[in-house]
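What the coordinates show
This is what each chain is made of:
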Amino acid sequence: MKRLGEILSKTANADISEVRSGPGTETPPEVSSCPICKGAGFVRRSLPVDHPRFGKAEPCSCVMNEDEHVRRTRLERMSNLGSLTRFTFQSLVPTGRTGESGWFEEAYKAAREFAEAPSGWLVFSGVSGSGKTHLAAAIANDRISAGEPVLFMVVPDLLDHLRASYEPDDDDIGFDQLFDQVRNTPLLILDDIDTGAGTAWAREKLLQVVNHRYNASLPTVFTTTTRPQQLDERLATRLCDEGLSRVMVLDAEVRGGYAQVGGMTRERIAEHQFRTFDLRVAGLRSEERESLESAFRAAMAYAEDPKGWFVLQGANGCGKTHLAAAIANRVLADGRGVFFAVVPDLLDYLRASFAPGKESPYDELFDRVRNVDLLVLDDLGAQATTQWAQEKLYQVVNYRHVAGLPTVVTTDQSLDRLQEAHPRIVARIADPHAGTVVTLLAPHYRLGRQPDAPPARGNYSRRR
């Protein structure tokens with residue numbers, strides 16, 4: 001707390017007509033050279049509510065003739081940016097990393113316009129790596145270059161500091177002063193606002209900051225991995241107010257990445273290519289070899305133009321996961337994103353991330369699984385059939401079915417057996433108008449056919 005107290009004490013919002021005094025409220029001499037602003041560099045005057053300058057911060061007289069270098073150093077220290085001082089507009093590519101989408105370019109232009117004349121609110125929404133924090137920090141650095149104060153706060157850190165300020169050390173500032181500083185700073189940037197809602201106390205403090213700045217129309221920038229509309233209703237109504245706020249969605253900019261749950265690492269998936277798939281397995285019956293070759297051809301065709309569902313059904317070890325990974329490699333090579341999930345592990349991960357205080361990791365993962373360019377659901381049917389698990393899985397499947405997003409599914413269970421346990425899911429993945437179901441009749445490629453096992457029967461391919 002001490003370090004933030006020292007930083008934020010320089011950003012205190014002092015009312016020149018109501019300079020606080022009394023035990024416990026004096027600002028330490030080493031951080032308060034000006035008796036008016038107490039080192040903040042700006043003041044907020046007591047004016048009637050109908051006055052055009054009501055609630056607006058104004059430079060203190062102590063900084064009007066300040067040396068430019070001294071001012072920038074002071075503002076950087078006040079901003080709480082730390083290492084983010086390197087995140088500038090000059091270090092950004094205006095069209096984004098891929099240069100293929102207008103999403104990032106639009107957000108970049110909005111950030112530049114806001115940095116030139118901060119007014120209202122600007123919200124950047126996107127998954128990790130989409131560039132939202134870089135844009136927010138670039139705004140802060142641009143304002144500092146112009147000699148204007150700004151405060152950059154990661155929301156979980158802010159709430160931690162507010163909690164700690166209830167019992168401040170001798171050298172720290174108290175809760176009331178710290179809270180007032182954050183609420184009234186001329187330009188506030190709240191990074192990861194969706195990660196600060198773990199307790200009722202935290203939600204209330206965050207809402208008070210947001211509500212105060214909303215009522216006063218104070219310039220504010222927010223970043224969130226969760227869609228603003230999906231936040232707490234009271235936050236959502238503020239952040240989505242079209243009269244004050246502008247929301248920029250950056251999710252479409254993140255492409256070409258790979259994510260996994262269940263152990264299929266990027267290095268391991270790279271080993272599973274079409275060229276390494278063995279079609280010359282010894283001891284196969286004619287129908288088994290035909291099904292293997294048919295599945296191989298169908299997988300290659302799907303990889304060239306992935307659309308809708310591609311379901312691979314067969315015994316463990318028959319090659320269906322290899323073919324799913326080969327499709328994923330082809331999609332990655334085309335510069336698109338892939339999420340490879342072993343279904344039981346995915347549901348375990350979602351359950352763990354859904355624990356109290358971890359809503360954001362869950363929302364971010366769930367949103368990414370639903371919207372990724374290609375989703376691979378490996379080993380469907382092996383998951384525990386709890387009501388929660390079925391509902392989460394169905395939400396993913398239904399979302400991608402309605403949106404027509406490419407999805408590969410592997411399962412060692414027959415569709416009839418899956419139908420008994422997951423009727424709504426099978427209704428989506430087995431829709432002949434929405435995808436392809438391929439059955440591999442080959443046995444485990446290492447274990448071979450079990451002794452006395454009857455020949456496998458059934459249609460090995462059903463195309464859309």
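This one's a predicted model, so the numbers in the text were calculated from it and none came from an experiment. (Residues numbered from 1 in each chain as written. Predicted model: local features only at pLDDT ≥ 70, side-chain atom pairs only at ≥ 80, totals over all residues. Heavy atoms only, no water.)

**Some points on the pattern of salt bridges**
This structure, assessed with the given rule, holds 11 salt bridges. The salt bridge involving Asp232 is made with Arg234; its shortest N-O contact spans 3.7 Å. Taking the relative accessible area as the measure of exposure, Asp232 reaches 34% and is therefore partly exposed. The residue Glu288 makes a salt bridge to Arg285 at a minimum N-O spacing of 3.5 Å. For Arg285, a relative accessible area of 27% translates into the label partly exposed. Look at the salt bridges and you will find they share partners, linking Glu204, Asp232 and Arg234 into a network. (Salt bridge = Lys/Arg side-chain N within 4 Å of Asp/Glu carboxyl O. Buried < 20%, exposed > 50% of the residue type's maximum accessible area, 1.4 Å probe, protein only.)

**Looking at the packing of helix H3 (residues 102-116) against helix H4 (residues 132-145)**
For the pair H3 and H4, the least separation of the axes is 9 Å and the interaxial angle reads 25°. Compared by their axis directions, H3 and H4 come out roughly parallel. Viewed along their axes, H3 and H4 form a crossing whose handedness is right-handed. Along the contact surface, H3 presents Phe104, Ala107, Tyr108, Ala111, Phe114, Ala115 and Glu116, while H4 presents Leu135, Ile139, Asp142 and Arg143. (Axes fitted to C-alpha atoms, helices over the stretch in contact; angles between N-to-C directions. Helix = DSSP H or I, 4+ residues; strand = E, 2+ residues; numbered from the N terminus. Parallel < 35°, antiparallel > 145°, perpendicular 65-115°, else oblique. Left-handed = near helix turned anticlockwise from the far one by under 90°. Contact = heavy atoms within 4.5 Å.)

**Examining the packing of aromatic side chains**
Under the definition given, this model contains six aromatic pairs. A ring pair is formed by Phe277 and Phe296, whose centres lie 5.7 Å apart and whose planes are at 20°; its orientation type is stacked. A residue pair is termed long-range when its members are at least 10 positions apart, and Phe277 in the loop between helix H9 (266-269) and helix H10 (286-304) and Phe296 in helix H10 qualify at 19 residues. Both residues of the pair, Phe277 and Phe296, count as buried. Ring pairing ties together the aromatic residues Trp121, Tyr214 and Phe222, which thus form one cluster. (Phe/Tyr/Trp six-rings, centres within 6.5 Å; stacked < 30°, edge-to-face > 60°.)

**What to know about the packing of helix H5 (residues 155-164) against helix H7 (residues 200-216)**
Helix-helix packing is characterised by the crossing angle of the two axes and by the distance between the axes. The contact between H5 and H7 brings their axes to 11 Å, and the two run at 105°. By the angle class used here, H5 and H7 are roughly perpendicular. Along the contact surface, H5 presents Val155, Leu159, Leu162 and Arg163, while H7 presents Trp201, Ala202, Lys205 and Leu206. Class assignment of the residues belonging to the contact of H5 with H7 gives a composition of six nonpolar, no polar and two charged. (Nonpolar A, V, L, I, M, F, W, Y, C, P; charged D, E, K, R; others polar.)

**Focus on the sheet that holds strand S7 (residues 245-249)**
Backbone-to-backbone hydrogen bonds pair the strands of a sheet. The strands run either parallel or antiparallel. Taken in spatial order, the five strands make up an open sheet running S4-S5-S6-S3-S7, and their pairing is parallel. Each end of this open sheet is capped by a strand with a single partner; those strands are strand S4 (151-154) and S7. Pairs of neighbouring strands in the sheet enclose a mean axial angle of 15°, with direction left out of account. This element, H3, spans strand S3 (121-125), strand S6 (220-224) and S7 of the sheet and lies at about 145° to S7. Across the face of the sheet, H5 comes into contact with S4 and strand S5 (188-191) while running at roughly 90° to S4. (Pairing = 2+ DSSP bridges.)

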